[in-house]
Amino acid sequence: MKQLPMGLIAVLCVLALAGCVTPPRGDYVPTSEPGISSTAPRPHDVRLAVTEIVDSMFNEWDFASQAAGKMPYIAFSGIENQTPYNWNQDEIVGWIEESVVRTGKATFSNATDPNRRGGRSGQLYRQIDFQDPDNEYVDQSTAVKKGGIQGADYELFGRIYTYEELRSGRITEANYVIEMTLSSLRTGGTVWKKMVPIRKNVRR
Amino acid sequence: MNMRMVLLAAALAGAVLAGGCISSAPQEVEFDDGIYTVKSHSLTLRQHVRLTRRTVDFNKNGFLQAQIEAVNLGRKDVQFQYRFRWLNEQKMLIPAATAIWKPVSVGARSTEYFTSTAPTTDARDFFMEVRFVHDSTRW
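Residues numbered from 1 in each chain as written. Chains lettered and ligands numbered in written order. Predicted model: local features only at pLDDT ≥ 70, side-chain atom pairs only at ≥ 80, totals over all residues. Heavy atoms only, no water.

Visitor: What is the right way to look at the packing of helix 2 (residues 43-60) of chain A against helix 3 (residues 89-103) of chain A in this model?
Guide: Each packed pair of helices is defined by two parameters, the angle between the axes and the distance between the axes. Residues and elements named next belong to chain A. Their axes nearest at 10 Å, the elements helix 2 and helix 3 cross at an angle of 40°. Our pair here, helix 2 against helix 3, has a crossing hand that is right-handed. Counted together, V46, R47, V50, I53, V54, M57 and F58 of helix 2 and E91, I92, W95, I96, S99, V100 and T103 of helix 3 form the full contact between these two elements. Across the contact of helix 2 with helix 3, the residue classes tally to ten nonpolar, two polar and two charged. (Axes fitted to C-alpha atoms, helices over the stretch in contact; angles between N-to-C directions. Helix = DSSP H or I, 4+ residues; strand = E, 2+ residues; numbered from the N terminus. Left-handed = near helix turned anticlockwise from the far one by under 90°. Contact = heavy atoms within 4.5 Å. Nonpolar A, V, L, I, M, F, W, Y, C, P; charged D, E, K, R; others polar.)

Visitor: Please clarify how the pattern of salt bridges should be interpreted in this entry.
Guide: Close approach of charged atoms lets side chains of opposite charge pair. All names here are of chain A. One pass over the structure, following the stated rule, counts 13 salt bridges over all chains. Of the charged contacts, one joins R199 and E173 as a salt bridge, the two residues approaching to 3.6 Å between their closest N and O atoms. One end of the pair, R199, is in strand 6 (residues 190-203); the other, E173, is in strand 5 (residues 171-184), and 26 residues separate them in sequence. Residue E173 is classed as partly exposed on the basis of its relative accessible area of 22%. (Salt bridge = Lys/Arg side-chain N within 4 Å of Asp/Glu carboxyl O. Buried < 20%, exposed > 50% of the residue type's maximum accessible area, 1.4 Å probe, protein only.)

Visitor: So what exactly am I meant to see when it comes to the nonpolar core here?
Guide: Nonpolar side chains in soluble globular proteins tend to end up buried together. By size, the foremost hydrophobic cluster in this structure holds 31 residues, and its most contacted members are M57, W61 and I96 of chain A. Tallying contributions element by element places helix 2 of chain A first for this core, with seven residues. The contact partners of I96 of chain A, leaving out residues within four places of it in the chain, are V50, I53, V54, M57, F108, L156 and M180 of chain A. Counting residues in each nonpolar core, the second largest holds 22 residues, with L64, Y82, I94 and F126 of chain B among its members. (Core = buried A, V, L, I, M, F, W, Y, C linked by side-chain atoms within 4.5 Å.)

Visitor: Is there a simple way to explain the side chain of E129 of chain B in this structure?
Guide: The topology assignment puts E129 of chain B in strand 10 (residues 125-131). A distance of 2.6 Å separates polar atoms of two side chains, one belonging to E129 of chain B and the other to R83 of chain B. (Polar contact = N/O pair within 3.5 Å; in protein donor to acceptor, adjacent residues only side chain to side chain.)

Laid out in structure tokens, this is it:
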């Protein structure tokens, strides 16, 4: 009777060690493969794609403003989602914006969201209106004057598209492409573009 | 008493099983003042992937770019994850939204290049971390 628990412990320990030694039973994953947990886009897929986008932007765009001595301003005008999945477009742009602003070489305009009359936050113009000279609650020596908002130099936009999922045995292959474009507002020309493919092989 | 021991052993084995299969400790290779510093094992990872060359340059925007060349000496593909971390002049870590683990597969007998660009122009040095992980096969 006493031997039973010890035997069980030994078996469990062997199983535990075997689990750690067993090599992965995964399939070949290409270099550009981001995440293999689901055919649907996952947050890690977004982060990996954004990493490639930011790397490309830092290397291929020259961070030039179209006005001398001015930091370049970028206006985000949306990402068209052509997939059946819910991509969080704000997250994609959020990561890009955080990375770009942190460099101190360019910034994003918060005044140009066409869907909100108050800028991206919804409060920008209201805050400026609040500081009007006729508002007796505001110390006019510290008030922001109208006419100081800087125009954007560039427009950032993109689209996401997908291909039909392919099933082969127990493997499902999903493909997406995230495409981002930076366009000059002065000339309308493309100054930078990046297309990031995401291919996922998911075992059912 | 016996039942308690069985339950304890099962819990212990479960913990070991889960801990061993979810992740491995990171293996790091650092480069400082012309000297490689390997925090574990050697420059040959898992006795298959040899890190053969390190290249660093500033791009036209002043960002540090890094490239590590790796050769898979084995006859099997090797899969692992890596990420670049960046240090400023004072050797302080520069936080970056893009410092995430990237999966990679180096084909048998082939060469792979890992590249990354610093998150700010303050970066003066870098190190690459490597870890070997695999998904659990127990469902």
